[in-house]
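Chain by chain, the residues run as shown.
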Amino acid sequence: MDVAVVVALIAAGVGVLTAAAGLLTALITSGRQSRTAQNLARLQEELKAQTREEERLHAAREELNRYREPLLAAARDVAHRLGNIRQGSFLTYFHHADDRRRLMALRSTLYRFGRYWAVVESLYESVSELRFASEEDTRKVAALLAEIGSTFASDTYGSPQFMVWREEQRGIADLMREKTHAGEGGVIGFAGFMGTYETKMAVWFSALEHDLQTENASTSRKLEDLQGLFDELITQLEADRPRTL
């Protein structure tokens with residue numbers, strides 16, 4: 001075979017190999033770039049998901065912090081009154097000969113319950129009850145709020161005494177709240193509560209008012225359990241308070 005032909009064939013082969021190598025290199029480079037783009041996109045999605053999760057956590061924690069002091073004040077008032085009924089002599093005021101003193105004792109107790117339910121429902125409206133119960137920073141408080149609600153609603157204490165269903169708790173909360181300036185939710189004061197008790201509140205509180213006047217109110221196991229739960233709630237809310245410099 002002519003040497004020139006051989007040289008041409010070799011050159012052609014080298015060209016083909018070079019082209020093939022170039023194509024292979026391009027394919028490898030393209031594959032790497034594609035995988036890099038896919039990895040980058042996946043990383044971006046993971047970062048977005050993490051950011052959303054942190055925002056959800058932050059929102060639940062911030063809403064709890066917003067309502068922490070009102071919730072603490074309401075829980076302390078209820079716990080204090082339950083303690084006075086069970087371990088003190090406050091029960092005697094529910095049977096006082098002075099009608100005004102008796103009504104003040106009864107209705108101030110009912111007001112404390114209603115105020116607590118109102119603050120809880122305001123909190124649940126600000127952050128979904130499900131999310132509030134699932135976030136790590138708010139889970140313990142959410143569990144105690146749920147247990148207090150279910151204890152009030154429970155019919156496992158041998159009688160319907162002090163039984164307030166969740167719908168009743170929410171209904172009372174609706175009546176106890178008022179819209180103040182800027183559309184913010186607030187709780188009516190005791191004077192407003194007393195002023196509207198006969199026309200709005202009595203139908204919701206009548207069973208509780210009756211139960212408070214029974215002779216065995218101070219030995220009620222439900223009130224004992226509720227007092228313990230409110231004490232736990234107070235402790236948890238105080239322990240989780242944001243630290244200030």
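Above this text you will find the structure in question.
In this structure, what is going on with the environment of Thr199? I would like to understand it.
Take Thr199: it is sitting in helix 6 (residues 190–212). Judged by its relative accessible area of 69%, Thr199 is exposed. Among the polar contacts made by the side chain of Thr199, one reaches the main-chain carbonyl oxygen of Thr196 at a distance of 3.3 Å.

Is there a simple way to think about the side chain of Ser220 in this case?
Summarising the element assignment, Ser220 is placed in the loop between helix 6 and helix 7 (221–239). Residue class for Ser220 comes out buried when judged on its relative accessible area of 7%. At 3.2 Å, the side chain of Ser220 and the backbone nitrogen of Leu223 are in polar contact. In contact with Ser220, other than residues within four places in its own chain, are Arg86, Gln161 and Phe162.

Help me understand the pattern of salt bridges in this model?
Side-chain pairing between opposite charges can occur once the charged atoms of the two side chains come close. In total, this model carries eight salt bridges according to the counting rule given. A salt bridge links Arg76 to Glu238, with the nearest nitrogen and oxygen atoms 2.6 Å apart. Here Arg76 is found in helix 1 (residues 3–86), whereas its partner Glu238 is found in helix 7, with 162 residues between them in sequence. A salt bridge links Glu125 to Arg177, with the shortest nitrogen-to-oxygen separation between them at 3.0 Å.

Help me understand the nonpolar core, please; the structure alone is not making it clear to me.
Taken as a class, soluble globular proteins show a tendency for nonpolar side chains to be buried jointly. Ranked by internal contacts, the top residues of the largest apolar core, which has 55 residues, are Tyr116, Trp117, Leu145 and Phe230. When contributions to this core are tallied by element, the ones reaching two or more residues are helix 1, helix 2 (99–126), helix 4 (139–153), helix 5 (166–176), helix 6 and helix 7. No other element matches the twelve residues that helix 2 contributes to this core. Non-local contacts of Phe230, meaning those with residues more than four positions away in its chain, are made with Ala75, Val78, Ala79, Leu82, Tyr116, Ile148 and Phe152.

What am I meant to see in the environment of Ile85 here?
Along the polypeptide, Ile85 turns up in helix 1. The exposure class assigned to Ile85 is buried, which follows from its relative accessible area of 1%. In sequence terms Ile85 and Leu223 are 138 residues apart; their C-alpha atoms lie 9.1 Å from each other. Apart from residues no more than four positions distant in its own chain, Ile85 is found in contact with Phe90, Leu91, Phe94, Thr109, Leu212, Ser218 and Leu223.

Looking at this structure, I do not really get the packing of helix 4 against helix 7. What am I missing?
The description of two packed helices rests on the angle between their axes and on the distance between the axes. Between helix 4 and helix 7, the least distance of the axes is 10 Å, while the angle of their chain directions is 165°. One finds that helix 4 runs roughly antiparallel with respect to helix 7. The handedness of the crossing between helix 4 and helix 7 is left-handed. Contacts between helix 4 and helix 7 involve Lys140, Val141, Leu144, Leu145, Glu147, Ile148, Thr151 and Phe152 on the former and, on the latter, Lys222, Asp225, Leu226, Leu229, Phe230, Glu232, Leu233, Gln236 and Leu237. Among the residues forming the contact of helix 4 with helix 7, the class breakdown is ten nonpolar, two polar and five charged.

What counts, and where the lines are drawn
- Throughout, a residue's number is its position along its own chain's written sequence, starting from 1.
- In keeping with the model being predicted, local features are shown solely for residues with a pLDDT of at least 70 and side-chain atom pairs are shown and tallied solely at 80 or more, while totals for entire chains, interfaces and linings include all residues.
- Neither water nor hydrogens contribute to the side-chain values; these are computed over all heavy atoms in the structure.
- Helical segments are the DSSP runs of H or I of at least four residues, strand segments are the runs of E of at least two, and each set is numbered from the N terminus.
- Exposure categories follow from relative accessible area, calculated using a 1.4 Å probe and restricted to protein chains: below 20% of the type maximum is buried, above 50% is exposed, and the middle band is partly exposed.
- Nitrogen and oxygen atoms within 3.5 Å of one another constitute a polar contact, given that in protein one can donate a hydrogen and the other can accept it, and given that sequence-neighbouring residues count only through two side-chain atoms.
- Between two residues, a contact is recorded if the distance between any of their heavy atoms is within 4.5 Å.
- Criterion for a salt bridge: a side-chain nitrogen of Lys or Arg within 4 Å of a carboxyl oxygen of Asp or Glu.
- Within this scheme, the nonpolar core is defined by two criteria: the residues are buried Ala, Val, Leu, Ile, Met, Phe, Trp, Tyr or Cys, and they are joined through side-chain atoms within 4.5 Å.
- A fitted line through C-alpha atoms represents every axis, and for helices the fit uses only the stretch in contact; the resulting angles, taken between N-to-C directions, go from 0 to 180 degrees.
- For this classification, under 35 degrees means roughly parallel, over 145 means roughly antiparallel, 65 to 115 means roughly perpendicular, and everything else is oblique.
- Crossing handedness follows the turn of the near helix against the far one: under a right angle anticlockwise gives a left-handed crossing, and clockwise gives a right-handed one.
- Residue classes follow a fixed rule: Ala, Val, Leu, Ile, Met, Phe, Trp, Tyr, Cys and Pro count as nonpolar, while Asp, Glu, Lys and Arg count as charged, and any other residue, Gly among them, counts as polar.

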